[in-house]
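# Commentary on secondary and tertiary structure
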Amino acid sequence: MVYHGLKGITCVETSISHIDGEKGHLIYRGHDAKEIALHASFEEAAYLILFGSLPQPAELLDFNEKLIAERPLPEHIQYLIQRLPENMDDMSVLRTVISALGEASYTYPPKTEEAIRLIAITPSIIAYRKRWVQGEKAIAPSSQSGHVENYYYMLTGERPAESQKKALEAYMILAMEHGMNASTFSARVTVSTESDLVSAVTSALGTMKGPLHGGAPSAVTKMLEDIAEKSQAEKYLAEKLEKGERLMGFGHRVYKTKDPRAEALRQKAEEVAGNDRDLDLALHVEAEAIRLLEIYKPGRKLYTNVEFYAAAVMKAIHFEDELFTPTFSASRMVGWCAHVLEQSENNMIFRPSAKYTGALTV
Ligand SMILES: CC(C)(COP(=O)(O)OP(=O)(O)OC[C@H]1O[C@@H](n2cnc3c(N)ncnc32)[C@H](O)[C@@H]1OP(=O)(O)O)[C@@H](O)C(=O)NCCC(=O)NCCS
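The name an unreviewed UniProt entry assigns to the protein chain is Citrate synthase, from the organism Bacillus atrophaeus. UniProt's Catalytic activity (unreviewed entry) comment on the protein chain is quoted here verbatim: "oxaloacetate + acetyl-CoA + H2O = citrate + CoA + H(+)". The protein chain has a UniProt comment under Sequence similarities (unreviewed entry) that states "Belongs to the citrate synthase family."

This is the structure:
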């Protein structure tokens, strides 16, 4: 028997997260990820995923301080970012630069201090490179800002509006962890050889880069841009469905009920949309799309997927589409690190077998 793509095969035990596609549950360390995204900060959620429980105030303070201390880029990393070809895509840059952090001190077994450094420094790498390529002066990290606000600040030089920060933060929490996805598996395979944490997340970044995983919300962004005005939504969406086309950002292979990540982002968008035209438009388009899908595709269980709201958030904060997969990676760095630490605690090298289908001459 060959299990192509290892579909349906359980290969590890984990206490980090749990997905129930039928019930629409996503659990982070026993907590409803939706609630965490609605009520916690990026730092609290990252602490939960890394250490297994929500932080006490003193633990959070300590964690925040460590993250802030690790934000600045060492000189050799800045130099490397400047020297990489201008036409190198953002994910290849991130993968290359992260791998250059693998100094001699990173050894097996991986340590939580190393994980904190990787989580803290990833947004700095993305922002530094973006500004360098655009010919703009680099912005030093702000020790006054939380993780998400600092990322925005280092990219743009401005503080986000509260609504933008909250929407981005909710998205980055919901992108942190999602079970045994391809990049997480990749990270666990690498560390299972007793390789180091930097090597493991470098593998994960290479895996995340592929469009089947890292995705791109550009089709949704384009749809929202084409619609532009609330009054145009119904006509635009109905025309697509009349022609038999699919509405981008709706439907999911695993979630056959509401995707809890999309639900949480919708709720967050509802909270903050009053101040934000783009989120307001997205909420209206979603409601219209769900209504029309019921009419045109009854009984198909089509709900909003996370890609829809990921696109809406990226649009509301004016991040270009190219920043989507790097931002996703900056969030997922938390999940990768947690899985690498967990793998190393009870390690067995991954060594599946292959069915030989070539010639036999013996
Ligand atoms: C994500 C996706 C591939 C999942 O597909 P799936 O669960 O295998 O569902 P199927 O492709 O079997 O489609 C089942 C039915 O629902 C319809 N359908 C599925 N997604 C639809 C959508 N977004 N818009 C309109 N109709 C849709 C199909 O046309 C099909 O209808 P039919 O029974 O009349 O033939 C699919 O929903 C899709 O293409 N969505 C749009 C693209 C998108 O948002 N991608 C990002 C995913 S994170």
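## Quick look at the overall build of the protein chain
Of the regular secondary structure elements, the protein chain holds 16 helices and three strands. For 362 residues, the compact-globule estimate of 2.2 N^0.38 gives 21 Å, and the protein chain sits close to it at 21 Å. Per-residue burial over the protein chain gives 51% buried out of 362 residues. Within the protein chain, contacts between residues separated by at least 24 positions form 75% of all contacts whose residues are at least 6 apart in sequence. On the protein chain, roughly 17,400 Å² of surface is accessible, and the fraction owed to carbon and sulfur atoms is 51%. Averaged over its 40 positive side-chain charges, the protein chain has a centre that lies 6 Å from the centre of its 49 negative ones.

## Brief notes about unusual backbone geometry
For the peptide bond that leads from tyrosine 108 to proline 109, omega is 0°, which places it in the cis range. Checked against the element boundaries, proline 109 lands in the loop between α5 (90–99) and α6 (112–133). If you check the backbone angles, alanine 228 has positive phi at about 65° while not being a glycine. A positive phi angle is found at histidine 318, which is not glycine, with a value near 60°. Within the secondary structure layout, histidine 318 lies in the loop between α15 (306–316) and α16 (324–345).

## Comments concerning helix α10 (residues 197–208)
Taking 1.5 Å per residue as the helical rise, α10 with its 12 residues ought to reach 16 Å, and the 16 Å between its terminal C-alpha atoms agrees with that figure. Buried residues in α10 make contact with α5, α6, α9 (182–192) and α16. N-capping of α10 is provided by aspartate 196, with a side-chain oxygen placed 3.1 Å from the backbone N of valine 198.

## Describing the domain arrangement of the protein chain
Taken domain by domain, the protein chain consists of domain 1 (17–215 + 321–345) and domain 2 (218–316). Averaged C-alpha coordinates put domain 1 and domain 2 at centres separated by 27 Å. With 25 residues of domain 1 at the interface, the matching set in domain 2 holds 24 residues. Of the roughly 2,100 Å² buried between domain 1 and domain 2, counting both surfaces, carbon and sulfur atoms make up 70%. Three residues, Lys34, Leu38 and Ser163, lead the burial of domain 1 against domain 2; their summed loss comes to 25% of the area buried on that side. Taken together, domain 1 and domain 2 are joined by five residue pairs in polar contact (both at pLDDT 80 or more).

## Some thoughts on the pairing of strand β2 (residues 25–28)
One face of the sheet, then the other: side chains in a regular strand alternate in exactly this way. Because side chains alternate across β2, one face comprises the buried residues Leu26 and Tyr28, and the other comprises His25 and Ile27, none of which is buried. As paired strands, strand β1 (residues 17–20) and β2 are joined by four bridges and run antiparallel to one another. The residue of β2 that forms the bridge with histidine 18 is isoleucine 27. Two successive antiparallel strands, β1 and β2, enclose a turn made up of four residues, where glycine 24 displays a positive phi of approximately 75°. Looking at chain direction, β2 and strand β3 (residues 31–32) are connected through two bridges and run antiparallel. Its bridge partner lying in β3, tyrosine 28 is registered against histidine 31. Adjacent in sequence and paired antiparallel, β2 and β3 are bridged by two residues, among which arginine 29 carries a positive phi angle near 50°.

## Notes on empty space enclosed by the protein
Per the counting criterion, the structure on display carries two cavities of 30 Å³ or more. Estimated volume of the largest cavity: approximately 60 Å³. Residue lining of the largest cavity: Asp90, Val93, Leu94, Ile125, Ile126, Arg129, Lys130, Leu323 and Pro326, and that is the complete set. Breaking the lining of the largest cavity down by element, the ones donating at least two residues are α5 and α6. Sort the elements by how many residues they give to the lining of the largest cavity and α6 lands first, with four residues. Reported here for the second largest cavity is a volume of approximately 40 Å³. Considering the residues around the second largest cavity, the lining is formed by Gly251, His252, Tyr255, Thr257, Asp259, Lys301, Leu302, Tyr303, Thr304 and Asn305. Partitioned by chemical class, the residues of the lining of the second largest cavity number three nonpolar, five polar and two charged.

What counts and how
Here the residue numbers are simple positions, counted from 1 along each chain's written sequence. Given that the model is predicted, a residue must reach a pLDDT of at least 70 before its local features are reported, and side-chain atom pairs must reach 80 or more before they are shown or counted; all residues, however, enter totals for whole chains, interfaces and linings. For the side-chain quantities, the full set of heavy atoms in the structure was used; hydrogens and water were omitted. UniProt positions are given in the numbering used here, feature names are shortened, and annotations may be inferred rather than shown by experiment. A run of H or I in DSSP becomes a helix once it reaches four residues, and a run of E becomes a strand once it reaches two; helices and strands are each numbered from the N terminus. C-alpha atoms define the radius of gyration, and 2.2 Å times the number of residues to the power 0.38 defines the globule rule. Using a 1.4 Å probe on the protein chains alone, a residue whose accessible area is under 20% of its type maximum counts as buried, one over 50% counts as exposed, and one in between counts as partly exposed. What makes two residues a contact is simply this: any of their non-hydrogen atoms within 4.5 Å. Shrake-Rupley sampling with a 1.4 Å probe provides the accessible areas, and residues are treated as covered by the protein chains on show and by no other component. For the purpose of charge, His is not counted, nor are the chain termini; Lys and Arg are scored as positive and Asp and Glu as negative. Taken as the charge centre is NZ of Lys, CZ of Arg, CG of Asp or CD of Glu, depending on the residue. Here the expected length of a helix is defined as 1.5 Å per residue gap, with one fewer gap than residues. Under the rule applied, a polar contact is a pair of N or O atoms within 3.5 Å (in protein, one hydrogen donor and one hydrogen acceptor; residues adjacent in sequence only if both atoms are side-chain atoms). A domain assignment, automatic or from a database, supplies the domain bounds used here. Accessible-area loss on putting two parts together, using a 1.4 Å probe and summing over both, is the definition of buried area adopted here. For two strands to be treated as a pair, DSSP must find at least two bridges joining them. The rule is simple: put a 1 Å grid over the protein atoms alone, call a set of points where a 1.4 Å probe fits but cannot get out a cavity, call an open set with protein on both sides within 12 Å along at least five of seven lines a pocket, and count a residue as lining if it has an atom within 4 Å of a point. Grid points are joined across faces, edges and corners, and a volume is the space filled by probe spheres set on the points. Residue type decides the class: Asp, Glu, Lys and Arg count as charged, Ala, Val, Leu, Ile, Met, Phe, Trp, Tyr, Cys and Pro as nonpolar, and the leftover types, Gly among them, as polar.

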